[in-house]
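# Commentary on secondary and tertiary structure
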Amino acid sequence: MTDHTVPFHLPVNVEQIQQLLPHRYPFLLVDRVIELVPDKRAVAIKNVTINEPFFQGHFPGHPVMPGVLIIEAMAQAAGLLTQISSRLKGTTGSPLFYLAKVDNARFNAPVVPGDQLRLEVELKRLLRSMGLFEARTIVDGKEVASCELMCAARTDK
């Protein structure tokens, strides 16, 4: 990763996101961060297009974004909350967090090409190297998915 001495300003664009997360195409699932309260909450955007590679097989003739990828997008938004919060405090080289647990996942409506996902994550608790987040995804003002995420700092180098 590159040096993170430049402060982040909203919106955080995809080039800045790539400085903070290790994910790359086709697995980078956040396009922008539009709201942030450091160490508390973040709102990110994912624009869903028919060009997404998973739509080739999920499902032909009836494209639907896989629920696990919606969860992954929420987890990436949680990662951005922790990484940006860390940088704003002047900390560089923050640990990489892995998704450790998903609880109470709910899917209320399908996500299809043309949708814009509003990924809302809130840090509920930070214990040692573990973070517990509440997350939800909104499309056109309606909640389409929600879950609790637990992320753990990488311990091996």
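Residues numbered from 1 in each chain as written. Predicted model: local features only at pLDDT ≥ 70, side-chain atom pairs only at ≥ 80, totals over all residues. Heavy atoms only, no water.

### Regarding the UniProt feature "active site" (unreviewed entry) in the protein chain
Here, UniProt's "active site" (unreviewed entry) annotation points to His58. As for its placement among the helices and strands, His58 is situated in the loop between strand E2 (41-47) and helix H2 (67-88). A relative accessible area of 23% places His58 in the partly exposed class. (UniProt positions renumbered as here; feature names shortened; annotations may be inferred. Helix = DSSP H or I, 4+ residues; strand = E, 2+ residues; numbered from the N terminus. Buried < 20%, exposed > 50% of the residue type's maximum accessible area, 1.4 Å probe, protein only.)

### A word on the pairing of strand E5 (residues 130-139)
Judged by how many residues are buried, E5 sits mostly within the fold: seven of ten residues are covered. Sheet topology note: the strand E4 (residues 116-127)/E5 ladder contains nine bridges and is antiparallel. Bridged to Val121 within E5 is Ala135. Note: E5 against strand E6 (residues 142-153), ten bridges, orientation antiparallel. For Glu134, the partnering residue across the bridge sits in E6 and is Glu148. The hairpin turn running from E5 into E6, its antiparallel successor, is two residues long, and Asp140 in that turn takes a positive phi close to 50 degrees. (Pairing = 2+ DSSP bridges.)

### Some thoughts on the nonpolar core
Grouped together as the largest cluster of nonpolar side chains are 40 residues, with contacts concentrated most on Ile17, Met65, Met74, Leu80, Ile84, Leu119 and Leu149. Sorting the residues of this core by element identifies helix H1 (14-20), strand E1 (32-37), E2, H2, E4, E5 and E6 as the ones contributing at least two each. With residues near it in sequence (within four places) discarded, Leu80 still touches Ile17, Leu20, Leu21, Val30, Val33 and Ser85. (Core = buried A, V, L, I, M, F, W, Y, C linked by side-chain atoms within 4.5 Å. Contact = heavy atoms within 4.5 Å.)

### Things to note about the pattern of salt bridges
Once the charged atoms of two side chains with opposite charge are near each other, the side chains can pair. Tallied over the full model, the rule gives nine salt bridges. Residue Lys46 pairs with Glu52 through a salt bridge whose shortest N-O separation is 2.7 Å. Given the relative accessible area of 4%, Lys46 is considered buried. Using a relative accessible area of 10% as the deciding quantity, one classes Glu52 as buried. When the shortest N-O distance is used, the salt bridge between Glu143 and Arg136 registers 3.1 Å. (Salt bridge = Lys/Arg side-chain N within 4 Å of Asp/Glu carboxyl O.)

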